[in-house]
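# Architecture at a glance
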Amino acid sequence: MKICNTKKDIRAVREEYRAQGASVGLVPTMGYLHDGHLELVRQARARCDRVIATIFVNPTQFGPNEDLSSYPSDLERDFAMLRIEGVDAVFVPAPQDMYLLGSETVVETKRLSRILIGRIRPGHFQGVTTVVTKLFNICQPDYAYFGEKDYQQLQVIKRMVRDLDVPVEIKGVPTVREADGLAMSSRNVMLTPQDRIAAVSLSRILTTAEEICGSHPVTAQNLSKLIRSSLEDEPCASVQSVDIRDAETLAPIRGRIDRSVVALLAVRFGAVLLIDQRILTPNPVHLQKA
Ligand code: PAF
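To start, this report covers the structure provided alongside it.

What counts and how
Residues numbered from 1 in each chain as written. Predicted model: local features only at pLDDT ≥ 70, side-chain atom pairs only at ≥ 80, totals over all residues. Heavy atoms only, no water. Core = buried A, V, L, I, M, F, W, Y, C linked by side-chain atoms within 4.5 Å. Buried < 20%, exposed > 50% of the residue type's maximum accessible area, 1.4 Å probe, protein only. Helix = DSSP H or I, 4+ residues; strand = E, 2+ residues; numbered from the N terminus. Contact = heavy atoms within 4.5 Å. Phe/Tyr/Trp six-rings, centres within 6.5 Å; stacked < 30°, edge-to-face > 60°. Lys NZ or Arg CZ within 6 Å of the ring centre and 35° of its normal.

## So, the nonpolar core
- Formed by 30 residues in total, the largest nonpolar core has its most connected members in Phe-136 and Ile-170.
- For this core, the secondary structure elements donating two or more residues are α1 (7-19), β2 (24-29), β4 (89-91), α6 (124-139), β5 (143-147) and α7 (151-163).
- The element best represented in this core is α6, accounting for seven residues.
- Apart from residues no more than four positions distant in its own chain, Ile-170 is found in contact with Phe-136, Ala-144, Phe-146, Leu-154, Ile-157, Lys-158 and Val-161.
- Counting residues in hydrophobic clusters, the runner-up holds 28 residues, among them Leu-191, Ala-198, Ile-244 and Leu-265.

Here you go:
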């Protein structure tokens with residue numbers, strides 16, 4: 001596995017793959033890898049001739065009071081994991097190489113980046129779309145892989161690629177979970193033991209919501225109230241948002257749920273913000289009666 005620390009080096013690797021006529025899959029990460037990231041790599045490995053992973057804790061997607069300085073990192077461990085998965089090259093740039101002095105250009109989806117998590121973390125998605133655009137320009141992949149756990153991020157990136165005619169096919173990969181249901185995230189290691197136990201409530205409550213939606217006619221308002229009050233029963237949880245939205249546009253849903261929607265949760269446990277999501281599909285029998 002080639003380790004490239006500069007844009008020049010990774011561009012040379014990309015040129016080599018182009019000369020070989022190889023297709024390239026990109027897996028952008030912020031490191032401290034877990035099985036969720038490795039699933040992205042496996043999907044890229046299955047489809048593409050060459051796989052490039054990137055490890056970059058992108059400062060522009062963190063707010064001033066957020067966890068940038070405490071973001072966990074273990075590059076040697078990450079490299080070992082990527083090697084085992086058969087990654088061909090990893091790009092690990094320094095912040096000053098990614099953002100040259102005087103950088104002032106940004107990429108932003110105007111609406112999608114300002115709703116939901118974008119309201120809790122102003123500027124976050126602008127940082128994501130800007131760095132992802134830069135990684136696409138530097139690595140020039142044919143495919144790029146992102147987890148469905150960061151559901152809004154996936155929709156924001158898909159929209160950015162569509163709107164700007166970026167020649168990269170975006171692949172969403174289902175959330176990988178711990179045995180008890182907690183969605184895998186590099187942030188999970190920052191949870192206290194007590195919060196780690198409490199955090200399982202997110203996936204448990206989403207499963208209940210999925211069952212309710214699939215078995216009873218229900219309105220988005222009632223379902224979201226039920227989810228919120230179940231989360232609030234958990235003393236360690238500080239509920240930031242509960243939303244039921246159109247699965248693609250993320251527009252609010254009102255009244256009876258009559259198509260597949262996405263339930264999006266953002267909940268703080270101490271200083272750690274966790275998110276989770278689930279696609280909810282109503283039972284077609286109820287739709288016919290409606
Ligand atoms: O999902 C992440 O880890 C990051 O937001 C990404 C896509 C690597 C951009 O920094």
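Continuing now.
## Here we look at the packing of aromatic side chains
- Following the criterion strictly, the structure yields three aromatic pairs and no others.
- With centroids separated by 6.3 Å and ring planes inclined at 40 degrees, the aromatic side chains of Phe-56 and Tyr-99 adopt a geometry described as tilted. Here Phe-56, found in the loop between β3 (50-55) and α3 (75-84), pairs with Tyr-99, found in the loop between α4 (95-98) and α5 (117-120); they are 43 residues apart in sequence, far enough to count as distant. For the pair formed by Phe-56 and Tyr-99, the shared burial category is buried.
- Here Arg-77 stacks its cationic end above the ring of Tyr-32, 4.8 Å away from the centre of that ring.

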